[in-house]
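The chain contents come next:
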Amino acid sequence: MTATSPMTATLIDGKAFAASLRTRIGTAVTAMKAQGITPSLTVVLVGEDPASEVYVRSKGRMTREVGMNSFEHRLPADTPQADLLALIDRLNGDPAVNGILVQLPLPSHMDEAAVINAIDPAKDVDGFHILNVGRLATGQKAMVPCTPLGCLMLLRDQLGSLAGKNALVIGRSNIVGKPMAQLLLRDSATVTMAHSRTSNLQDLCRQADIVVAAVGRPHFVQGDWIKLGAVVIDVGINRTDDGLVGDVDFDGAAKFAGAITPVPGGVGPMTIACLLANTLTATARANGLPDPEGLTP
Ligand code: GUN
């Protein structure tokens, strides 16, 4: 293989990886139950956003499938913020609740940061609480956001060590881009942050051994920008007239990448599996048990 002969990429099967992760979680849940501890996840949904309804339903189903207790609280869209905060307070104090997830987006009259920061950081299985963000950034034990955690697992599975790899993160959201960069740094990658306003994206891409695209624009990353043999993780889920497409031009990029995630079936299934992993970790910590093996970075 020469640098000029395009190759065919390995398809990273996130669906299969997530299924095997859920199997491992299920085994750990069974062991915890034998000690009289049943991990539980509580999801709070405010309003009737159809996409959120779909996510919340699959979260509940998969939580039950691994043997955890699944609780749901549905509040009307016009719920006063004080009522939501009172519910969170109650869940914080309930020892039967190990993980709390408030589905985003919230209705526009609510202050998202205030709501997230009201969750007990030990139960914040989204890893969005400002204390968890700070702990991750300073190398302390934290709850890590689910989507970047899933991307990290796929990258480690492909590459083994990430040390010294040039990693390009495209997208600067609090949910994916920023925590992804922190996780890659922690694994000793050389991390570059780019976003929709980056001027030399093409040049940066050509030097990257790892590309994580989380910018939310269909086919923002062109195929021939990818360095030969690079690992490409596409977090984008964009609804277009051609159906669901990622942030990367998959067909073009697959000619150059060493490995690439499809959309759908790549990163997507990893997010809920990592939510269950975080719930298990939160439960272990709440009960003075060691962190479950291989689930928490
Ligand atoms: N809405 C879309 N993605 C997410 C997520 O990861 N967590 C929460 N809480 N809401 C979301």
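Everything discussed here concerns the structure shown above.
So, here is what we can say about the structure in this document. (Residues numbered from 1 in each chain as written. Predicted model: local features only at pLDDT ≥ 70, side-chain atom pairs only at ≥ 80, totals over all residues. Heavy atoms only, no water.)

### Comments concerning the overall build of the protein chain
Counting its regular elements, the protein chain contains ten helices and eleven strands. Computed over its C-alpha atoms, the radius of gyration of the protein chain comes to 19 Å, within 12% of the 19 Å expected for a compact globule of 297 residues. In terms of overall dimensions, the protein chain has a C-alpha envelope of 60 × 40 × 35 Å along the principal axes. When the 297 residues of the protein chain are sorted by exposure, 49% land in the buried category. In the form shown here, the protein chain has an accessible surface area of approximately 13,400 Å², with 52% of it arising from carbon and sulfur atoms. (Helix = DSSP H or I, 4+ residues; strand = E, 2+ residues; numbered from the N terminus. Rg over C-alpha atoms; globule rule 2.2 N^0.38 Å. Buried < 20%, exposed > 50% of the residue type's maximum accessible area, 1.4 Å probe, protein only. Areas by Shrake-Rupley, 256 points an atom, 1.4 Å probe, with all protein chains shown as cover.)

### A few points about the site of the ligand
Contacts to the ligand come from Leu101, Val102, Gln103, Leu104, Asp126 and Phe128. Separating a nitrogen atom of the ligand from a backbone N or O atom of valine 102 is a distance of 2.8 Å. At a separation of 2.6 Å, a nitrogen atom of the ligand approaches a polar side-chain atom of aspartate 126. Relative to its unbound accessible area of 280 Å², the ligand is 78% covered by the protein chains. With respect to the detected pockets, the ligand is housed in the largest pocket. (Near = heavy atom within 4 Å. Polar contact = N/O pair within 3.5 Å; in protein donor to acceptor, adjacent residues only side chain to side chain. 1 Å grid on protein atoms, 1.4 Å probe; cavity = no way out; pocket = protein on both sides within 12 Å on 5 of 7 lines; lining within 4 Å. Sits in = over half its atoms within 2 Å of the grid points.)

### Description of the sheet that holds strand β8 (residues 231–234)
An order of β1-β11-β8-β7-β5-β6 is seen for the six strands of this open sheet, with the pairing classed as parallel. Whereas interior strands pair on both sides, the edge strands pair on one side only; in this sheet they are β1 (10–11) and β6 (190–194). In terms of strand pairing, strand β5 (residues 166–170) meets β6 through five bridges, oriented parallel. Across the sheet, alanine 167 pairs through a bridge with valine 191, a residue of β6. Across the sheet, helix α6 (residues 146–159) touches β7 (210–213), β8 and β11 (259–260), and the angle it forms with β8 is around 160 degrees. Here helix α7 (residues 177–186) sits on the sheet and contacts β5, β6 and β7; the angle it forms with β6, its principal contact strand, is near 170 degrees. (Pairing = 2+ DSSP bridges. Contact = heavy atoms within 4.5 Å. Axes fitted to C-alpha atoms, helices over the stretch in contact; angles between N-to-C directions.)

### Brief notes about helix α2 (residues 50–65)
The terminal C-alpha atoms of α2 lie 23 Å apart, and with 16 residues this matches the ideal 22 Å at 1.5 Å per residue to within 8%. If you check which residues of α2 are buried, you get Ser52, Glu53, Val56, Ser58, Lys59, Gly60, Met62 and Thr63. Buried positions along α2 lie against α1 (14–34), β2 (40–46), β3 (69–75), β4 (99–102) and α10 (268–286). Phi for glycine 67, located one or two positions after α2, is positive at around 95 degrees. (Expected span 1.5 Å × (residues − 1).)

### Focus: the layout of surface pockets
Of the volumes computed, that of the largest pocket is approximately 1,500 Å³. Taken together, 44 residues form the lining of the largest pocket, with Tyr55, Thr147, Ile237, Gly268 and Thr271 sitting closest to its centre. Mapped by element, the contributors of at least two residues to the lining of the largest pocket are α1, α2, β4, α6, β9 (238–240) and α10. Residue composition of the lining of the largest pocket, grouped by class: 25 nonpolar, twelve polar and seven charged. Roughly 380 Å³ of volume is contained in the second largest pocket. Gly127, Phe128, Val133, Asn174 and Ile175 are, among the 17 residues lining the second largest pocket, the residues nearest its centre. Elements that contribute at least two residues to the lining of the second largest pocket include exactly α4 (112–116), α5 (130–137) and α7. Counting residues per element, the lining of the second largest pocket draws most heavily on α5, which supplies four residues. Residues of the lining of the second largest pocket, tallied by class, amount to eleven nonpolar, four polar and two charged. (Points joined across faces, edges and corners; volume = space filled by probe spheres on them. Nonpolar A, V, L, I, M, F, W, Y, C, P; charged D, E, K, R; others polar.)

### Quick word on the pattern of salt bridges
In total, this model carries seven salt bridges according to the counting rule given. A salt bridge links aspartate 187 to arginine 156; its shortest N-O distance comes to 2.8 Å. Within this pair, whereas aspartate 187 is found in the loop between α7 and β6, its partner arginine 156 is found in helix α6, the two being separated by 31 residues in sequence. Here the salt bridges share partners, and the residues they tie into one network are Glu53, Glu72 and Arg74. (Salt bridge = Lys/Arg side-chain N within 4 Å of Asp/Glu carboxyl O.)

### Some points on empty space enclosed by the protein
One pass over the structure, following the stated rule, counts one cavity of 30 Å³ or more. Each pocket or cavity is described by its volume, and for the largest cavity that value is around 40 Å³.

### With respect to the packing of α2 against α10
Where α2 contacts α10, the axes come no closer than 10 Å and their chain directions differ by 55 degrees. The pairing of α2 with α10 is recorded here as oblique in orientation. As α2 runs across α10, the sense of the crossing is right-handed. Where α2 abuts α10, its residues Ser58, Lys59, Met62 and Thr63 lie against Ile272, Leu275 and Leu276. (Parallel < 35°, antiparallel > 145°, perpendicular 65-115°, else oblique. Left-handed = near helix turned anticlockwise from the far one by under 90°.)

Functional significance is not addressed by these values, which are geometric in nature.
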